[in-house]
Amino acid sequence: MKRIVILTGAGMSAESGLKTFRDSDGLWENHNVYDVATPDAWHRDPALVLNFYNDRRKQVLEAKPNKAHLALAKLEEKYDVNIITQNIDDLHERAGSTHVIHLHGEVNKARSSVDPTLVYELDNWEMKMGDTCEKGSQLRPHIVWFGEAVPMIEKAIPIVEMADVVIVIGTSLSVYPAAGLVNYAPPFAEKYYIDPKELEGKNIYDFKIIKEKAGVGVPDLVEQLIK
């Protein structure tokens, strides 16, 4: 069975109504990202950070998987599919994909602010000051902030190394270390890039370019692969 590895970014969820700070000059829902998405921001004003992610969580809960998410789930009927996403939403899972790695964390989870191994599923959209882990420390969003390590990258690399097909969707390949994963794809692997914007820089990976939004380009490609 062919192994397909899919790398997804913000463009994957945009058609479900979820935005990224990179759409608007470094502002994310009217916040400077360094005020809400860094360890310094957390130490400076944890209540602001919690409220910011509460709003993101509400948006995710109200959003629905789009045609691209559903198409990728359909690929599992015929292929060994792994999705490696930079997105913090759970739309891949809700669409039916069963092998998903979240490089930058998951907005629907919380973790201890003193022990990163203590991670908890949230049963509603709201986290508050005073919500603590079993060790008594304040819970924080289970998100990889700017300036923090990306621990899931080590799990993702060997998956990319085994790929027969690599599909990049809705990401400019400019955020590292996620963008560097393409370098681990075998030289024989087929490579596709789906995004309406031009690929930044030279196409050094020899992608087959599909210049469409995810909701159009992904279902079309999936149909070809299944046939």
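Up top is the structure these notes are about.
Residues numbered from 1 in each chain as written. Predicted model: local features only at pLDDT ≥ 70, side-chain atom pairs only at ≥ 80, totals over all residues. Heavy atoms only, no water.

**Here we look at the sheet that holds strand S5 (residues 100-102)**
Thinking step 1. Taking strand neighbours across the sheet as the criterion, the 6 strands line up as S5-S4-S1-S9-S10-S11 in an open arrangement whose pairing is parallel. Two strands in the sheet have a free side with no partner beyond their single neighbour: S5 and strand S11 (208-210). Across the sheet, the mean angle separating the axes of adjacent strands is 15° when strand polarity is ignored.
Thinking step 2. Where strand S10 (residues 190-194) and S11 come together, 3 bridges link them in parallel fashion. Within S11, the residue paired with Tyr 192 across the bridge is Lys 208.
Thinking step 3. Contacts from helix H5 (residues 67-75) reach strand S1 (3-8), strand S4 (80-85) and strand S9 (165-169), with the element oriented near 160° to S1.
Thinking step 4. Along the sheet, helix H8 (residues 214-226) makes contact with S1, S9, S10 and S11, crossing S10 at roughly 155°. (Pairing = 2+ DSSP bridges. Helix = DSSP H or I, 4+ residues; strand = E, 2+ residues; numbered from the N terminus. Axes fitted to C-alpha atoms, helices over the stretch in contact; angles between N-to-C directions. Contact = heavy atoms within 4.5 Å.)

**What about the sheet that holds strand S7 (residues 119-121)?**
Thinking step 1. Taken in spatial order, the 3 strands line up as S7-S6-S8 in an open sheet, and their pairing is antiparallel. Where the open sheet ends on each side, the last strands, each with one partner, are S7 and strand S8 (139-143). Within the sheet, the average angular offset between the axes of one strand and its neighbour, ignoring direction, is 45°.
Thinking step 2. Relative to strand S6 (residues 105-112), helix H4 (residues 46-62) is tilted by about 140°, and along the sheet it contacts S6 and S8.

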